[in-house]
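Listed here are the chains, written in short residue letters.
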Amino acid sequence: MSYDDERKAGDIEKASLADIQPEANGAASPTELPPSPAKPQPEAASDAQLAPEDDKTCERESKTKVHRTSVIHNTFSETQTHTPGAAAYRYSSTARAEETNYSNNTFEVTEASVMSWVRKAVKGLTSPSQSPAPGPNPEFDKPWREVTWSVEEKSQILRKLKDLQPGTAQVRELKILLHGPVGAGKSSFINSVNTVLQGYNTTGALAASSAGKSFTVEFKYHRLKKDKPGSFYPFVFTDIMGLEPEDYNGVQTEDIVKILQGHVKGGYTFNPFKPIDKDDRSYISNPGLKDKVHCLVSVLPADKISLISDDVIKKMKTVREKARELGIPQVVIMSQVDSVCRLVQEDLSKIYTSRKIKEKMKECSDRLGVPMNCIFPVQNYHEQVTNDLNMDILILMAMSDIIRFANDYVEDQVYNANEYAKNQLYNE
């Protein structure tokens, strides 16, 4: 660059800088760093003539000058060419803008400061002290009820059931009564037990695909075949109409009590409007031990325990209280466990490590008053057409205790009757 060109560039810088200098008494020399300008003052006016509104106006104008100076300075700094003395002018302009800014006691809001405030706010909202505590682990560290999930265990239970004989000659078949609300899975449980025993899909007890009105309307005995023709297991299921909240829908509570006592023959058709009476041809006037129920099984769906009406629960409790008076053992089958717990739905062998299943069993125990060791969660066969090992083992575990309880009851009844007869003979 020639000497004349350098002089022209210097003149341009001086002219541009003169345009952005704050209003002052004189112009600053382009070759020297001028002193910082004094605080801008409003136009001449006496204190008496200056109203409070004028003070605010002057202050706003002063701040506006500072802001305009800073903006112009930034534009000037970005568009200036790298010529001798340009850095000194940029420093001088920046220093004057900052000094004017602080002298007017203003605060410049920048993008960096805004982002800093945002980061602090977000950090405060997501701090560990304010974040919600994590929920409990859905799975226990170890099973709270031991189960052996193996083919050998299944075969062993099946063999015991096949070899079972009632504890007294007075009873040829152990009678198991299932009761519960409509759609609980009573008929499905009977079919599931039969599927496990036979080793293939069975539908002996007709079951509805959805809950509405009771699908079962007749008191019927379900006998389960053994592997030989004409051979049956020494226990039978009695399936009855489901319980409903209304008094004139579903099975009558008094009918269930009569069945417990052995007063009702198989084939009786339930009448929702009135219970069986003594003149009915299906009524047994003097039932024996073989006619009575030997174990009462309440069936409740795991996914609807909290939704079952209090009226239905009250009816079930009435039946349970009568069974207790008669000394009949009681068991609860909690069905549809796969519908209430995703962990169990994916792996049925985790049923006794599932926190959700245990909570449902506790809820079932509280509503019906049945101890936890008499509640058995199962998954009925409803869409499967081949046997599943884990499903079979859970069903067989429940059946083993049901049959054992029923057989113990029969033996106790015979023993007590014999003792009573001996005492009567002795007293005579």
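In this report, we go over the structure that sits alongside the text. (Residues numbered from 1 in each chain as written. Predicted model: local features only at pLDDT ≥ 70, side-chain atom pairs only at ≥ 80, totals over all residues. Heavy atoms only, no water.)

Quick word on the overall build of the protein
Looking only at helices and strands, the protein has 11 helices and six strands in total. Taking all 428 residues of the protein together, the buried fraction comes to 41%. Once local pairs closer than 6 in sequence are excluded, the contacts in the protein between residues at least 24 apart make up 72%. (Helix = DSSP H or I, 4+ residues; strand = E, 2+ residues; numbered from the N terminus. Buried < 20%, exposed > 50% of the residue type's maximum accessible area, 1.4 Å probe, protein only. Contact = heavy atoms within 4.5 Å.)

Looking at the packing of aromatic side chains
If you walk through the whole model with that rule in mind, you get seven aromatic pairs. Between Trp144 and Tyr352, the aromatic rings sit 5.2 Å apart at their centres with planes inclined by 85 degrees, giving edge-to-face as the arrangement. Taken as a pair, Trp144 in the loop between helix 4 (111-125) and helix 5 (151-163) and Tyr352 in the loop between helix 9 (342-346) and helix 10 (355-368) lie far apart in primary sequence, 208 residues in all. Relative to Phe270, the ring of Phe219 has its centre 6.4 Å away and its plane inclined at 70 degrees; by these criteria the two rings are edge-to-face. With Phe219 in the loop between helix 6 (186-198) and strand 2 (220-225) and Phe270 in the loop between helix 7 (253-261) and strand 4 (295-301), the pair connects residues that are 51 residues apart, well separated along the chain. We note that Phe219, like Phe270, is buried. Sitting over the face of the ring of Phe140, Lys358 holds its NZ or CZ atom 5.5 Å from the ring centroid. (Phe/Tyr/Trp six-rings, centres within 6.5 Å; stacked < 30°, edge-to-face > 60°. Lys NZ or Arg CZ within 6 Å of the ring centre and 35° of its normal.)

As for helix 8 (residues 310-326)
Taking 1.5 Å of rise per residue, the 17 residues of helix 8 would be expected to cover 24 Å, and the 24 Å separating its terminal C-alpha atoms lies within 8% of that figure. For helix 8, the complete set of buried residues consists of Val312, Ile313, Lys315, Met316, Val319, Arg320 and Ala323. In an axial view of helix 8, the angular spread of the buried residues amounts to 160 degrees, which keeps them on one side of the axis. When the buried face of helix 8 is taken as reference, the exposed residues oriented beyond 90 degrees from it are Asp310, Lys314, Arg324 and Glu325. Against strand 1 (174-179), helix 7, strand 4, strand 5 (330-335) and helix 10 lie the buried residues of helix 8. Trailing helix 8 by a residue or two, Gly327 shows a phi angle of about 80 degrees, which is positive. (Expected span 1.5 Å × (residues − 1). Arc of directions from axis to C-beta.)

Comments concerning the side chain of Thr168
By the element assignment, Thr168 lies in the loop between helix 5 and strand 1. By relative accessible area, which is 11% here, Thr168 ends up buried. Engagement of the side chain of Thr168 in a polar contact is seen with the backbone nitrogen of Gln170, the distance being 3.2 Å. If we ignore the near neighbours within four places in the chain, the residues touching Thr168 are Val410 and Val414. (Polar contact = N/O pair within 3.5 Å; in protein donor to acceptor, adjacent residues only side chain to side chain.)

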